[in-house]
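Okay, here's what each chain looks like letter by letter:
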Amino acid sequence: MFSGAVLKDREMLRRIGNLAGPAVLEQALQTAVQYADTAMVGQIGAAASAAVGLTMSCTWLVNGPLFAMGIGVLACIAQALGAGDATRARKAGAQGVFLVLFLGILMGVLTVALAPFIPYWLGTEAALAKDAGDYFAITCLPMIFRAGNIVFASALRGAGDSRRPMLINLAMNVCNVLLNYLLINPAHLLDIGFVALPLWGAGMGVRGAAVATALSHVLGGTLMAWAYWRHPTLSPRQCGVRVDRALMRRIISIGLPVTGERVAACLGQVVFTGLVSRLGTLALAAHSIALTAEQAFYIPGYGMQAAASTLAGNALGEGNEKKLRDTSLTITFIAAALMALMGAALFSFPEALMGIFTGDREVMALGASVLRIVAVSEPLFAVAIIMEGVCNGIGDTRASFMISAGTMWGVRIAGTLMCVYVFHGGLQAVWCCMVADNTCRCCLLLLRFLRGRWKRRLNILAQQR
């Protein structure tokens, strides 16, 4: 009996590793490329960085529904395969095709049409509005490819394939960096030792960065659609692509709360940043750079989240209560342990990390102080991320939405309002509110899981069978 339990544990860890490993690597590569991308745009000047960064929150908002519907597709595929129903999994994947076409066309038209006005709505200066609007419009032109990249990647992960999405996103990110180098800069000489190579350059500046991003989305969406179409389990070549109303309703019912959560989080971030700006330029600079620096320390959690969703959905489809509980808690422990190590590194060397992005000693000191505050909460944030992934995998997205939105606005925003306007606290107090938000979200999501609210979904699936 003991050897059998050990073998099962080894099999569980092997499957977690196979799913989470490529996803973690993908997150690490994306973060590295984002750092490089930010640095390359920053070389043009402060105005270019401001123009690109201005619409970043809008980009997150636009991506929200795409990621949300991708989660709906992932959950339905994972549950179907867990129940051994490959036909239902293929049909669920086929619904993703219609979602890509509908959302890609609709959101592409809306974003391009609104792009000239968005910078003014955000209160930017007229000098930046043109570049910011053009950047947003160009990056949103290939929206259907962006939708395909996101939704089809989720479908592949739901089928347990995280390797292909990782490789495709790697190709997409490399393409983005290379095109940035060629399109942003004018023609110049590249010195390699004693040799000076003439390199072509378009010298397009901000618009060059936008075109590079757009073309990388085209590449990523095309390759992801090709990988989905050739997948041995999901490919609709055998059953065709048809609308299944019941499955589509199920996907949308899972995705809509996730959309609400993303919208609430994005709007909360906008308000949160606005409140931080009340503390002055130094605080805002330290806050922005510290947030960017901290992204690298989320990698284990967000990389393992998709694995948690897939494995929880599989176990739910099988109707295996013990497997769902054991797998979810195991991956939660692994993610928390990894992020605890990352948090220890962040606590030990925050000044060196801030020094990568700024040479201003005041900004470095203030940023380092808030990074030490958030470093302590990294393991708790990991638990919240994985528990959110489990909720996504079993389709319990409404609860996740209510908890995340409630803590964002009831803890982070309300607490920051009190700190800034009542107690006149500084940036450290504001980041304590952010830590309190993550801590409350962790406790509420974990408590819901441990109380077994998800067992009702097992009963519903059992009755449907």
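Quantities reported herein were computed from a predicted structural model and do not represent experimental measurements.

Engineer: Please clarify how the overall build of the chain should be interpreted in this entry.
Structural biologist: If you tally the helices and strands in the chain, you get 19 helices and 2 strands. When each of the 465 residues of the chain is scored for burial, the buried share is 49%. When contacts within the chain are restricted to residue pairs at least 6 apart in sequence, long-range pairs at least 24 apart make up 82% of them. Just so you have it, the chain exposes about 21,000 Å², and 67% of that area is on carbon and sulfur atoms.

Engineer: I would appreciate a short explanation of the packing of helix α10 (residues 245–277) against helix α11 (residues 281–294) in the present structure.
Structural biologist: The relative placement of two packed helices comes down to the angle between their axes together with the axis-to-axis distance. Between α10 and α11, the shortest axis-to-axis distance is 8 Å and the interhelical angle comes to 140°. Contact with α10, carried on its side by Phe272, Thr273, Val276 and Ser277, involves Ala283, Leu284 and His287 of α11 and no other residues of that element. Residues of the contact of α10 with α11, tallied by class, amount to 4 nonpolar, 3 polar and no charged.

Engineer: Honestly, the environment of Asp134 in this entry has me stumped. Any pointers?
Structural biologist: Looking at the secondary structure, you find Asp134 in helix α6 (residues 126–140). C-alpha of Asp134 to C-alpha of Arg207: the two residues are 73 residues apart in sequence and 7.0 Å apart in space.

Engineer: I would appreciate a short explanation of the side chain of Ser216 in the present structure.
Structural biologist: When you line up the elements, Ser216 lands in helix α9 (residues 206–229). A polar side-chain atom of Ser216 sits 2.7 Å from the main-chain carbonyl oxygen of Thr213. Ignoring sequence-local partners within four residues, the contact set of Ser216 consists of Met172, Cys175 and Asn176.

Engineer: How should the pattern of salt bridges be read in this particular structure?
Structural biologist: When charged atoms on two side chains of opposite charge get close, those side chains can pair. This model, assessed by the stated rule, comprises 10 salt bridges. Note that Arg441 and Glu388 form a salt bridge whose closest N and O atoms lie 3.4 Å from each other. Here Glu388 lies in helix α16 (residues 378–394) and Arg441 lies in helix α18 (residues 427–450), a separation of 53 residues in the sequence. Ionic pairing is found between Asp396 and Arg448, a salt bridge with its closest N-O pair at 2.9 Å. Here the residue Asp396 occupies a position in the loop between α16 and α17 (397–422), and Arg448 occupies one in helix α18, the gap between them amounting to 52 residues. Asp396 gets classed as buried once you look at its relative accessible area, which sits at 8%. Among the charged side chains, a network of salt bridges with common partners joins Lys130, Asp131, Asp134 and Arg207.

Rules behind the numbers
Residues numbered from 1 in each chain as written. Predicted model: local features only at pLDDT ≥ 70, side-chain atom pairs only at ≥ 80, totals over all residues. Heavy atoms only, no water. Helix = DSSP H or I, 4+ residues; strand = E, 2+ residues; numbered from the N terminus. Buried < 20%, exposed > 50% of the residue type's maximum accessible area, 1.4 Å probe, protein only. Contact = heavy atoms within 4.5 Å. Areas by Shrake-Rupley, 256 points an atom, 1.4 Å probe, with all protein chains shown as cover. Axes fitted to C-alpha atoms, helices over the stretch in contact; angles between N-to-C directions. Nonpolar A, V, L, I, M, F, W, Y, C, P; charged D, E, K, R; others polar. Polar contact = N/O pair within 3.5 Å; in protein donor to acceptor, adjacent residues only side chain to side chain. Salt bridge = Lys/Arg side-chain N within 4 Å of Asp/Glu carboxyl O.

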